[in-house]
Amino acid sequence: MTSTDDERLRLLAAYDDQLRSTVDAPSALAVVRHGPLFLVTYAGGRGFVTYPPLADVDGDGVRQLVVDTLGHYRSDPAIVRVDWKTRGHDDAPGLHETLVGHGFVPGEPEAVMIGSAESLAVDVPLPDGVTLRKVEDEADLLAFCQLQATVFDIEIAPMLQALQRRLAVDPLMELWIADAGGEVVSGGRLEPVAGTEFAGIWGGATLPECRGRGIYRALTAARARSALSRGMTLINSDSTEYSRPILERYGFLKVTTTTPYRLDLTAESAQVRAQTGPAGTDRRGA
């Protein structure tokens, strides 16, 4: 085994131990622990399922967890969609087949990238007229959301409401933007996780005509410096094929993959959803 393999295993263990043993969801309306699963409910009718590595759960156990999870979310008429986050290194027999069989649609796999914050905190020259800053007011927040909506083809209003809620309850989260002559052309989030070595970089978006000019790299470096200032030494990111090579240039390693599975509940009748009850009783605010 090479030193790179050893480092990949070390980072994967830190990822599982620190980021998956609990759920970091400060803006959640509720979190229910059901067996190994964290069943999270967010504003806007979104359910989200995450969990530590599954241990001693066979195929029948996996199928039952999916059924119980659907019972939990279907019992809440406010829930319109459920996202289930899988990881490629987990031993979960039959999970893909069970999720698809219950109507979940898999998205594109992404690489879970982890590396040193210090390796990212480098000086990156910006094109003339481009500046970086943290979002500090409502105008910047709206511009950030407009950028995300344009790049990812999503609605502005639900995202704006979710970020307003997050910023109100999570003092650690930061939004960063790149401004070119008064236009926001790139942006992304920094999410330090309290009590861990990690800060996540998420939601990286750059207008197509502004890519390949070093703007996203500079934005990433700025977020890494901010993470270091808060005492976080590791950066994690679920990366597309666009952003993965950028992180690899700075020594980041792909430790596993993650695939989102989504189920749209809006088409289901209230009568069908009311036939099943909640999976767990340990409800808490987060």
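Look up: the structure comes first, before these words.
About the cut-offs
- Residues numbered from 1 in each chain as written.
- Predicted model: local features only at pLDDT ≥ 70, side-chain atom pairs only at ≥ 80, totals over all residues.
- Heavy atoms only, no water.
- Helix = DSSP H or I, 4+ residues; strand = E, 2+ residues; numbered from the N terminus.
- Rg over C-alpha atoms; globule rule 2.2 N^0.38 Å.
- Buried < 20%, exposed > 50% of the residue type's maximum accessible area, 1.4 Å probe, protein only.
- Contact = heavy atoms within 4.5 Å.
- Areas by Shrake-Rupley, 256 points an atom, 1.4 Å probe, with all protein chains shown as cover.
- Core = buried A, V, L, I, M, F, W, Y, C linked by side-chain atoms within 4.5 Å.
- 1 Å grid on protein atoms, 1.4 Å probe; cavity = no way out; pocket = protein on both sides within 12 Å on 5 of 7 lines; lining within 4 Å.
- Points joined across faces, edges and corners; volume = space filled by probe spheres on them.
- Nonpolar A, V, L, I, M, F, W, Y, C, P; charged D, E, K, R; others polar.
- Phe/Tyr/Trp six-rings, centres within 6.5 Å; stacked < 30°, edge-to-face > 60°.
- Salt bridge = Lys/Arg side-chain N within 4 Å of Asp/Glu carboxyl O.
- Axes fitted to C-alpha atoms, helices over the stretch in contact; angles between N-to-C directions.
- Parallel < 35°, antiparallel > 145°, perpendicular 65-115°, else oblique.
- Left-handed = near helix turned anticlockwise from the far one by under 90°.
- Pairing = 2+ DSSP bridges.

Further remarks concern the overall build of the chain. Regarding its fold elements, the chain presents 9 helices and 13 strands. The C-alpha radius of gyration computed for the chain amounts to 20 Å, which stays within 12% of the reference 19 Å derived for 286 residues, consistent with globular compactness. Counting only C-alpha atoms, the chain reaches 60 × 50 × 30 Å along its principal axes. Per-residue burial for the chain yields a buried fraction of 47% across its 286 residues. A separation of at least 24 residues holds for 73% of the contacts in the chain among residues at least 6 apart in sequence. About 13,500 Å² of surface is accessible on the chain, with carbon and sulfur atoms providing 51% of the total.

Let us look at the nonpolar core. Counting residues in hydrophobic clusters, the biggest one holds 22 residues, and the most contacted among them are Val49, Trp84, Leu95 and Phe104. Looking at this core element by element, the count peaks at 5 residues for helix 2 (residues 59-74). Once residues lying within four places of it in the same chain are set aside, the contact partners of tryptophan 84 are Leu37, Val49, Tyr51, Leu65, Val66, Thr69, Leu95, Leu99, Phe104, Thr259, Pro260 and Tyr261. One finds Leu141, Leu147, Leu163 and Ile215 within the second-largest nonpolar core, a separate group that totals 21 residues.

Attention now goes to the environment of tyrosine 42. Mapped onto the elements, tyrosine 42 comes out in strand 2 (residues 37-42). Judged by its relative accessible area of 17%, tyrosine 42 is buried.

Here the focus is empty space enclosed by the protein. The final tally for this structure, using the stated rule, is 1 cavity of 30 Å³ or more. Empty space within the largest cavity amounts to approximately 30 Å³. Along the walls of the largest cavity sit Tyr51, Leu54, Val62, Leu65, Trp84 and Leu95, which together make up its complete lining. The class makeup of the residues in the lining of the largest cavity is 6 nonpolar, no polar and no charged.

What follows deals with the packing of aromatic side chains. Counted under the stated rule, the structure contains 3 aromatic pairs. With a centroid separation of 6.5 Å and an interplanar angle of 55°, the aromatic rings of tyrosine 42 and phenylalanine 48 are classed as tilted. Across the pair, phenylalanine 48 and tyrosine 42 agree in class, each one buried. Cluster of aromatic residues (ring-pair linked, three or more members): Tyr51, Trp84 and Phe104.

We now examine the pattern of salt bridges. Counted according to the given criterion, the structure contains 18 salt bridges. As a salt-bridge pair, aspartate 83 and arginine 46 come within 3.0 Å of each other at their nearest N and O atoms. Placement of the pair is aspartate 83 in strand 4 (residues 81-87) and arginine 46 in strand 3 (residues 46-50), with a sequence separation of 37 residues. According to the relative accessible area criterion, arginine 46 is partly exposed, its value standing at 26%. Put simply, Arg46, Arg81, Asp83 and Arg262 are held in one network by salt bridges that share partners.

Residues other than glycine seldom take positive phi values, yet aspartate 56 does so here, at roughly 60°. Locating aspartate 56 in the fold gives a position in the loop between strand 3 and helix 2.

Turning our attention to the packing of helix 5 (residues 138-152) against helix 6 (residues 156-169). Contact geometry of helix 5 with helix 6 gives a least axis separation of 10 Å together with a crossing angle of 135°. Compared by their axis directions, helix 5 and helix 6 come out oblique. In this structure, helix 5 meets helix 6 at a crossing whose hand is right-handed. Across the interface between the two elements, Glu138, Leu141, Leu142, Phe144, Cys145, Gln146, Gln148 and Ala149 from helix 5 touch Ile156, Met159, Leu160, Leu163, Gln164 and Leu167 from helix 6. Among the residues making up the contact of helix 5 with helix 6, the classes are represented as 10 nonpolar, 3 polar and 1 charged.

So, on to the pairing of strand 1 (residues 30-34). Within strand 1, 4 of the 5 residues are buried, which leaves the element mostly enclosed by the surrounding structure. With 5 bridges joining them, strand 1 and strand 2 adopt antiparallel strand pairing. Its bridge partner being in strand 2, alanine 30 is matched across the sheet by threonine 41. The hairpin turn running from strand 1 into strand 2, its antiparallel successor, is 2 residues long, and glycine 35 in that turn takes a positive phi close to 60°.

Geometry only, nothing functional implied.
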